[in-house]
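Residue strings, one per chain:
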Amino acid sequence: MSCIRSIVAVSFLASIGVSTAVTAQEMIPDTTARKQPLTTWGVQFEEFEYRYSDDDEELGVWNADAFYGTDDFKVRLLTTGEYEIEEQAYETLENQLVGQIPISKFFDAKAGVRFDTPEGPDRTYAVLGVAGLAPQWFEIDANLYVSKDGDTSAELDAEYELLFTNYWILAATLDASVAFSEDEEIGVGKGLVSTETGLRLSYDLIDRAFSPYVGVVHERKYGDSADLAEADGGGTEDWFAVIGARIAF
Amino acid sequence: MKPRFLTGLLSLLMPAMVLAGEYDLTVDRVKIDTGDFVKEGIGYNGASPGPVMRFKEGENVRINVTNNLDEMTSIHWHGLILPFNQDGVPGISFPGIKPGETFTYEFSIQQAGTYWFHSHSGFQEPDGAYGAIVIEPEGREPFRYDREYVVQLTDKHPHSGDRIMRNLKMMPDYYNREQQTVGEFFSDVSKNGLMNTVSDRIAWGGMRMMKADVEDVQGFTGLINGKGPDQNWTGLFEPGERIRLRFINSSAMTYFDIRIPGLDMTVVQADGNNVQPVNVDEFRIGVAETYDVIVHPKDEQAYTIFAESMGRSGYARATLAPEEGMEAAVPQLRDPARLTMADMSGMPGMDHGNMAGMDHGDMDMNSSEGMSGMDHSNMEGMDHGSMAMGKGGQSDPFYAKGSGLVPTAANGGKFLSYADLKAQDPLYEDREPTREIELRLTGNMERYTWSINGVKYEDADPIRLKYGERVRFKFVNETMMTHPMHLHGMWSILDVGADQWNPIKHTVSVQPGTTVYMETEVDEPGQWAFHCHLSYHAAAGMFRKVIVEGGPESAQAKTDVLVEDGGEV
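This is a predicted model, so every value here is computed, not measured.

Enquirer: How should the overall build of chain A be read in this particular structure?
Expert: Each helix and strand counted, chain A has two helices and 13 strands in total. Contacts in chain A between residues far apart in sequence, at least 24 positions, make up 43% of those at least 6 positions apart.

Here's what the structure looks like:
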């Protein structure tokens, strides 16, 4: 034992000293951090991967978000992009900055702006969305976009994780986008525009901070958007083998 | 560290004699080696855990605490009855201890038994800032022992407290590695049939709740007196001796089920207060609780002290042996605990009628855990009127009927229940409470928010009590987690249905889906903290300030300077 103890007989003056200290004490207001809303942050790359298509196309792809804030209000930066390695060009590049507030037990509402700056014409949209956990463990992110020119579109992302073990996880994803008006310049036709479905098998190597995965991704364009792609000399359907990692810090 | 002797001069002049002791503690950055990993942490006098502070009942203590950190710190004397400004909660008792500053705590020791101390600043306690307190009683103790050891448990995690909190906020299941898998689905199908299993998964998925939500923070190494399982803390004994083991759970988040295969344990004290002796094979120690047990090993052999976490994700281990280096077999961890619909029954808006069908699937699956007698018509939780005293761990009135958390002894013997705890010597006269205050324990696992009556501490008014009243607190656990509720400064008289023999505690565990009552004689003026002792639940908002208004003139605190208005009750 490293604390030193000395016991001596002293008068009851000692105990009077204690009670005097109490009388002098005031009940202070709590101004510590505990009484303030807890501010927190996080960065997650749901996808950070290399894609190789059945047409020998090679892509570097990420889909990430970073947040900072409290339970009541968070600022979230969402970024996603597809980089064509051979052509050294961004096929897609989207950045969103949104504010996020809880609206129900499991869902948040988001509002903000989205900037698309890929190779080719840029776009700016206003974003309104909801994100959260639906029954049966589906992670949902649904957004409505209105471009500066008044073009409207919507996007739905859903994800489900199947636990083979507590470390081997199969994630199924579906992204679908729908346009309510045509934006020919960027290859968007009215109606269902495109879907991207993926299956990724990951292993949690370092906590949930670094989880390498392999998987397959299927991309398809539909309707007028498919016609626009074909007219442009592009394909309407791609299969990719992917290798990458989920990252969180 | 030099002892400072108080002058004896005055003592010659004054007739009344009291004991006084002076102690020094430094708060330091330390290295913590668990055997599994080495981590920077916080300790006292250069080590984590800190020293065992040994006081004597009736002693006036002066404790000089020097902060060698580069951040604010504090020490809370957990379970000690003292003036509120000595209680060590920053923002409630005092402003805290600045870097480089020495703060002197001064109070008189009015009690005896096993307690502990820890920092109440940030996540310093999970980071290692804790130690034990042993108070020798003035009088004779109602039990006999030849030797005693402090057995202080913690759940040391490789991540810092700040990082754990952030990860839980980002992904509430970040640390949960006991989740249900595809494999468990198929083993449930073979046990309960496909339809039962599918409807069970759909029911839980519909609630967006996990049956595996028993331990938020897994991946820790259980330590006993700072030693990991491989480092094997060892307490020596001579065969035939009676050994008093002072168990203290200083974990941030982990409940432990403790047994010593081959030895009966006699529980003689809980939370520092003597209880009528109970012989048990195993007991569950909630976060911040203490239990003193007496064991009587007669053989020249080693015994393993095995402390399995409630969710079975980890364990602590130590040894009692006649000689250093001897060891006994270390048991295997049992299967992970699974919540049942009964544990969800406290949640508002749950429709049990619709759930009865698939609940039977659970019941079959867990029949070995003692699910007989499950009654869907009566899931309100504990009911004192029909309280059946737990006798073999098969049922326990402090768990929801049919709960998946009801503990059973590994050897099939007696598992301690709160219902077994009876005060040895009641501290207070039994009287009718003057009023009841309902505290619903609330939260949202997916957002990792925790609250009381749906309000987090940051948004809450203080709970106001009047000096001299006896308040009956009604805890209603509406979450699926167990919450160890700790009221500072005043005793919690746990209602186990034994009237004046109800045990006196400082920390009361409230299991999911249950209602638990405790009474408090409001006999200490000032303001106090009242919170869930799971570190990350307290930090996420399951915390209150309690203000005691009025009181004797000499000790009365100045209430007129308060800036806060209103109050919860």
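Enquirer: Explain the overall build of chain B to me, please; I cannot follow it from the model alone.
Expert: Secondary structure summary: chain B contains six helices and 30 strands in total. Looking at the 569 residues of chain B, the share that counts as buried comes to 57%. Restricting the contact set of chain B to residue pairs at least 6 apart, pairs at least 24 apart contribute 76%.

Enquirer: Could you clarify how one ought to interpret helix α2 (residues 223-231) of chain A in this entry?
Expert: Helical periodicity: at 3.6 residues per turn, an α-helix aligns residues three or four positions apart in one direction. All names here are of chain A. All buried positions along α2 are accounted for by Ser225, Ala226 and Leu228. All buried residues of α2 fall inside an arc of 160 degrees around its axis, so they share one side. Every exposed residue of α2 that faces more than 90 degrees away from the buried side is listed here: Glu230 and Ala231. Where α2 is buried, its residues meet β11 (191-203) and β12 (210-221). Following α2 by one or two positions, Gly233 adopts a phi angle in the positive range, close to 85 degrees.

Enquirer: I tried to follow the sheet that holds strand β7 (residues 113-118) of chain B on my own but got confused; where do I start?
Expert: Remark on secondary structure: sheet strands pair via backbone hydrogen bonds, oriented parallel or antiparallel. Residues and elements named next belong to chain B. One open sheet accounts for four strands, arranged β3-β8-β7-β5; its pairing is mixed. The sheet terminates laterally at β3 (53-56) and β5 (76-78), the two strands that pair on one side only. Ignoring which end each strand starts from, the neighbouring axes of this sheet average 25 degrees apart. Judged from the six bridges that link them, β7 and strand β8 (residues 130-136) form a sheet pairing that is antiparallel.

Enquirer: Just checking my understanding: could you explain the nonpolar core for this structure?
Expert: Within soluble globular proteins, side chains that are nonpolar generally end up buried alongside one another. In terms of nonpolar packing, the biggest core is built from 147 residues, with Ile133(B), Val151(B), Val267(B), Val293(B), Ile305(B) and Tyr536(B) touching the most fellow members. In this view, Val267(B) contacts Val275(B), Pro277(B), Val278(B), Val280(B), Phe283(B), Tyr291(B), Val293(B) and Leu416(B); residues no more than four positions away in its chain are not counted.

Enquirer: I keep staring at unusual backbone geometry and nothing clicks. Help me out?
Expert: Excluding glycine, a negative phi dihedral is what most residues carry, and trans is how most peptide bonds are arranged. Here Ser48(B) and Pro49(B) are connected by a cis peptide whose omega angle stands at 0 degrees. Even without being glycine, Gln88(A) reaches a positive phi, approximately 50 degrees. Examined against the element boundaries, Gln88(A) turns out to sit in the loop between β4 (74-84) and β5 (89-102). C-beta crowding within 10 Å serves as the criterion here: with 8 such atoms nearby, Gln88(A) is assigned to the exposed category.

Enquirer: Just checking my understanding: could you explain the sheet that holds β12(A) for this structure?
Expert: Reading around the circumference, β2-β3-β4-β5-β6-β7-β8-β9-β10-β11-β12-β13 (chain A) is the order of the twelve strands in this closed barrel, with antiparallel pairing throughout. Taken pair by pair, the neighbouring strands of this sheet meet at an average axis angle of 20 degrees, ignoring direction. Relative to strand β10 (residues 168-179) of chain A, strand β9 (residues 152-163) of chain A runs antiparallel, the two being bridged by eleven bridges. In the strand pairing of β10(A), Asp157(A) is matched with Asp175(A). Across the sheet, α2(A) touches β11 and β12 of chain A, and the angle it forms with β11(A) is around 85 degrees. This element, helix α2 (residues 161-170) of chain B, spans β2 (40-53) and β13 (237-248) of chain A of the sheet and lies at about 60 degrees to β2(A).

Enquirer: Explain the confidence of the model for chain A to me, please; I cannot follow it from the model alone.
Expert: Detailed reading of predicted coordinates is not advised where the pLDDT is low. Across chain A, pLDDT averages 91, with 90% of residues at or above 70. Contacts of residues 1-24 of chain A to residues separated by more than four positions or lying in other chains number 69 contacts, the stretch itself having pLDDT below 50.

Enquirer: Looking at this structure, I do not really get α2(B). What am I missing?
Expert: Every buried residue of α2(B) is listed here: Gly161(B), Ile164(B), Met165(B), Asn167(B), Leu168(B) and Lys169(B). Taken together, the buried residues of α2(B) touch β2 of chain A together with α6 (535-539) of chain B.

Enquirer: Got a minute to help me understand the environment of Ala270(B) in this structure?
Expert: With respect to the helices and strands, Ala270(B) occurs in strand β14 (residues 265-270). What makes Ala270(B) buried here is the crowd of 30 C-beta atoms within 10 Å.

Enquirer: Mind showing me how you'd approach the pairing of β9(A) here?
Expert: Across a regular strand the side chains alternate sides, sitting on one face of the sheet and then on the other. All names here are of chain A. In this sheet, β9 lies alongside strand β8 (residues 138-147) in antiparallel orientation, the contact comprising eight bridges. Opposite Val146, over in β9, you have Thr152 as the bridge partner. Hairpin connection from β8 to β9: four residues lie between these consecutive antiparallel strands, with Gly150 at a positive phi of about 95 degrees. The antiparallel pairing of β9 with β10 creates a hairpin that spans four residues between the two strands.

Enquirer: Hey, could you run me through the pairing of β10(A) in this one?
Expert: When β10(A) meets β11(A), the two strands line up antiparallel, connected through twelve bridges. Paired with Leu170(A) across the two strands is Leu201(A), which belongs to β11(A).

Enquirer: Any chance you could explain the packing of helix α3 (residues 182-192) of chain B against helix α4 (residues 194-207) of chain B here in plain terms?
Expert: A packed helix pair is summarised by two numbers, namely the angle formed by the two axes and the spacing between the axes. Residues and elements named next belong to chain B. Where α3 contacts α4, the two axes come as close as 7 Å, and the packing angle between them is 130 degrees. Judged by the angle between their axes, α3 and α4 are oblique. Only Leu194, Asn196, Thr197 and Arg201 of α4 make contact with α3, whose side of the interface consists of Phe185, Asp188, Val189 and Asn192. Across the contact of α3 with α4, the residue classes break down as three nonpolar, three polar and two charged.

Enquirer: What am I meant to see in the environment of His218(A) here?
Expert: Residue and element names in this part refer to chain A. With respect to the element layout, His218 can be found in strand β12. For His218, a count of 13 C-beta atoms within 10 Å puts it in the partly exposed group. Residues His218 and Thr195 lie 23 residues apart in sequence; the distance between their C-alpha atoms is 8.0 Å.

Enquirer: Please explain the confidence of the model for chain B as it appears in this structure.
Expert: Residue and element names in this part refer to chain B. Taken residue by residue, chain B gives an average pLDDT of 89. The fraction at 70 or more is 86%. A low-confidence stretch, residues 351-393 stays under pLDDT 50, and its non-local contacts, those more than four residues away or across chains, total 85 contacts. Segment residues 556-569 is flagged for pLDDT under 50; beyond a separation of four residues in sequence, or across chains, it makes 31 contacts in the model. Across the interface, the model reports ipTM at 0.89; the global pTM reads 0.89.

Enquirer: Would you mind going over the environment of Arg29(B) with me for this structure?
Expert: With respect to the helices and strands, the residue Arg29(B) is situated in strand β1 (residues 17-33). On the basis of neighbour count, Arg29(B) is assigned to the partly exposed category, with 15 C-beta atoms found within 10 Å.

The rules behind these values
Residues numbered from 1 in each chain as written. Chains lettered and ligands numbered in written order. Predicted model: local features only at pLDDT ≥ 70, side-chain atom pairs only at ≥ 80, totals over all residues. Helix = DSSP H or I, 4+ residues; strand = E, 2+ residues; numbered from the N terminus. Contact = placed C-beta atoms within 7 Å. Buried ≥ 20, exposed ≤ 12 C-beta atoms within 10 Å, placed from the backbone. Arc of directions from axis to C-beta. Pairing = 2+ DSSP bridges. Axes fitted to C-alpha atoms, helices over the stretch in contact; angles between N-to-C directions. Core = buried A, V, L, I, M, F, W, Y, C linked by C-beta atoms within 7 Å. pLDDT = per-residue confidence, 0-100. Parallel < 35°, antiparallel > 145°, perpendicular 65-115°, else oblique. Nonpolar A, V, L, I, M, F, W, Y, C, P; charged D, E, K, R; others polar.

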